[in-house]
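A closer look at the structure
Here are the chains, one letter per residue:
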Amino acid sequence: MFCSLIFLSLRFLLLLLFTFTSFSSASPSVNFPASDSRMDPLELETLFKIMETVSSDQSWRTAHPNPCKPGSSWIGIECKSSGNDNLIHVSRLDFGVPPNPSCKSTATFPSQIFQLPHLESVFFISCFTHARTTISFPIKVSSSSLQQLSIRSNPALVGLIPFQLSSLKSLQILTLSQNLLSGTIPAQIFSLSSLLHLDLSYNMLTGRISFQVGNLKKLVGLDLSYNKLTGTIPSTIGQLGMLQKLDLSSNKLTGRIPETIGNLHSLVFIALSSNELKGLLPKGVSMLQNLQCFLMDDNPMFISLPSEFGELQKLQELRLANSGYSGKIPPTYSKLSNLSTLSLQNNRLTGEIPASFGSLSHIYHLNLSRNFLDGVVPFNSSFLNRLGKNLDISGNPGLCLSPSEANGFNLGVNVCGSNKSGSSILPWEKSEAHQQGIPRPLFFLLVLLSTVISVALSNI
């Protein structure tokens, strides 16, 4: 939850920054005197062709013969004066989301947008939904001023990401998310040195992440999640010194996290969940002192829980579920005073829950279920009341709850000293079965068998 808010906030701040920059350099069309609202005839004709290709809301030529003239423009278009030719030029176009022009069912991608030399921002949101279309470029591309290109949530947008996008040298925000784009990410994209945000998530992209990603020195957000990318995370990722958000989750990435990740001192959010990453985490993780969210569920790690996370004082969300982690929970995690979410479920963790976890005053969601933890649950009634259903410690047969804290709480563990039928339940460290050397798997089986028999007897 918290990390989702960080992601949305980062996107909003980038959009706000870009909007402010555009606004400060442009005057809205409503302020133009009628005598100064002339457009270049070629640019006007290009604009009408774009509108006719995408939208059938109205007859654009007859309803808006001078679309940048005050009183004649429509919602979804912005114009500005260039100051050089005494003409007004289209600077922004929005399609697909009300109250902007809607897209007709036969809408296809208008390559003419790359022939509007003063266009700075263009948005196609849920626009290409029926007729299959691709991102195409005209044979001749005008000198482009485009700074933001957002093409999102278009189920009929297919094909490759065109390498010609690399000709848009002013581009700062490139969003091609939630489409059906396929093929590899063209390496030329990574030559866009002005890029601040690159989002290619939720497509069907394949191949490796090019080492040339390290060329994007100004990049603040990189999202390549929910594709079919393979190979390792390139070490050049560590050259992105301004990066705040890195999301590579839900791909097929392999190998280890590169050591250079420790160079990303501005990093706030990192998501690597649902890949095939394995091996030790780089020691440089402890250098990420601005990190607030680390999401790495569902990877075949099969190592001990890294203690380095305990050194990240700003960490608020840590998700390491279903990844084969073993050993004890590092007591250093208790130093994470800002932690709100800790998900360690479905691993192979052993030992007791650190007693100092009860002092985590900001914890809101704690999931330690389906491990091999044992001992007495170290939480008092105040802690249990605060978390309520957001605490899950079930599936740990060696855990038990102190009788003094048991009333009114159903945590999926037994009460220490007794169970439903009155037979003895003890934490593993104090269990006679454990002290006599009964193998742990056999002990799990005996506990399970005892519970089944108890339930059966209570129903006779």
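What counts, and at which threshold
Residues numbered from 1 in each chain as written. Predicted model: local features only at pLDDT ≥ 70, side-chain atom pairs only at ≥ 80, totals over all residues. Heavy atoms only, no water. Helix = DSSP H or I, 4+ residues; strand = E, 2+ residues; numbered from the N terminus. Contact = heavy atoms within 4.5 Å. Areas by Shrake-Rupley, 256 points an atom, 1.4 Å probe, with all protein chains shown as cover. Core = buried A, V, L, I, M, F, W, Y, C linked by side-chain atoms within 4.5 Å. Buried < 20%, exposed > 50% of the residue type's maximum accessible area, 1.4 Å probe, protein only. Salt bridge = Lys/Arg side-chain N within 4 Å of Asp/Glu carboxyl O. Pairing = 2+ DSSP bridges. Phe/Tyr/Trp six-rings, centres within 6.5 Å; stacked < 30°, edge-to-face > 60°. Disulfide = S-S within 2.5 Å.

Labelled according to an unreviewed UniProt entry, the chain appears under the name Protein TOO MANY MOUTHS-like, originating from Coffea arabica.

Helix and strand content of the chain: 7 helices and 25 strands. Within the chain, contacts between residues separated by at least 24 positions form 58% of all contacts whose residues are at least 6 apart in sequence. For the chain, the accessible area works out to roughly 20,500 Å², and carbon and sulfur atoms hold 56% of it.

By size, the foremost hydrophobic cluster in this structure holds 111 residues, and its most contacted members are Phe124, Leu149, Leu165, Leu198, Phe294 and Leu320. Every element with two or more residues in this core is listed here: helix H2 (41-54), strand S1 (77-81), strand S2 (88-95), strand S3 (121-125), strand S4 (148-152), helix H4 (381-387) and strand S24 (398-401). Tallying contributions element by element places H2 first for this core, with 6 residues. Not counting residues within four places of it along the chain, the set of residues in contact with Leu320 comprises Phe294, Met296, Asp297, Leu305, Phe309, Tyr325, Tyr333, Ser343, Leu344 and Asn347. Counting 5 residues, the second-largest nonpolar core is a separate cluster that includes Cys3, Phe269, Ala271 and Cys293.

Let us now look at the pattern of salt bridges. A full pass over the atoms with the stated rule returns 6 salt bridges. In this structure, the salt-bridge partner of Arg61 is Glu52, at a minimum N-O distance of 2.6 Å. Residue classification places Arg61 among the partly exposed positions, given a relative accessible area of 33%. Where salt bridges share partners, they join Glu45, Glu52 and Arg61 into one cluster.

Pairing is parallel across the open sheet formed by 6 strands, whose spatial order is S5-S7-S9-S11-S13-S15. Both edges of this open sheet fall to strand S5 (158-160) and strand S15 (276-277), since each of them pairs with a single strand only. Here strand S13 (residues 252-255) runs beside S15; their pairing, made up of 2 bridges, is parallel. When the bridges of S15 are listed, Gly255 appears paired with Leu277.

Another aspect to go through is the pairing of S1. Note on strand geometry: in a regular strand, side chains alternate between the two faces of the sheet. In this sheet, S2 lies alongside S1 in antiparallel orientation, the contact comprising 5 bridges. Bridge pairing in S2 links Cys79 to Val90. Here S1 folds back onto S2, and the loop between the two strands holds 6 residues, one of which, Gly83, carries a positive phi near 85 degrees.

Moving on, we come to the environment of Leu248. Note on placement: Leu248 falls in the loop between strand S12 (245-247) and S13. Judged by its relative accessible area of 1%, Leu248 is buried. Distance in space between the C-alpha atoms of Leu248 and Met296 is 10.0 Å, their sequence separation being 48 residues.

The amide bond that connects Pro98 to the next residue, Pro99, takes the cis arrangement and shows omega of 5 degrees. Checked against the element boundaries, Pro99 lands in the loop between S2 and S3. At Asn346, a position not held by glycine, the phi torsion is positive, near 60 degrees. By secondary structure assignment, the location of Asn346 is in the loop between strand S19 (341-343) and strand S20 (348-351). By relative accessible area, Asn346 is classed as partly exposed at 33%. One non-glycine residue, Arg370, adopts positive backbone phi at about 55 degrees.

A word on the packing of aromatic side chains. Aromatic ring pairs are reported here in terms of the distance separating the ring centres and the angle at which the planes meet. The full count for this structure, using the stated rule, is 10 aromatic pairs. With centroids separated by 4.0 Å and ring planes inclined at 5 degrees, the aromatic side chains of Phe114 and Phe137 adopt a geometry described as stacked. Of this pair, Phe114 sits in the loop between S2 and S3 while Phe137 sits in the loop between S3 and S4, and the two are 23 residues apart along the sequence. When its relative accessible area of 14% is taken as the criterion, Phe137 is described as buried. Following the ring pairs from residue to residue traces out a cluster consisting of Phe95, Phe109, Phe114, Phe124, Phe128 and Phe137.

Once that is clear, we can look at the state of the cysteines. Taken as a whole and judged by the stated rule, the model has 3 disulfides. Covalent S-S linkage joins Cys400 and Cys416, the inter-sulfur distance amounting to 1.9 Å. On the sign convention where negative means left-handed, the S-S torsion of about 90 degrees between Cys400 and Cys416 marks this disulfide as right-handed. Taken together, the positions of Cys400 in strand S24 and Cys416 in the loop between strand S25 (414-415) and helix H6 (432-435) put the pair 16 residues apart, joining distant regions of the chain. Classification of Cys416 by relative accessible area gives buried; the value is 16%.

The subject of this paragraph is the pairing of S4. Burial runs high along S4: 4 of the 5 residues are buried. Pairing of S3 with S4, which is carried by 5 bridges, proceeds in the parallel orientation. Bridge pairing links Ile125 to Arg152 in S4. By the bridge criterion, 3 bridges tie S4 to strand S6 (residues 173-175) in an arrangement that is parallel. When the bridges of S6 are listed, Gln148 appears paired with Ile173.

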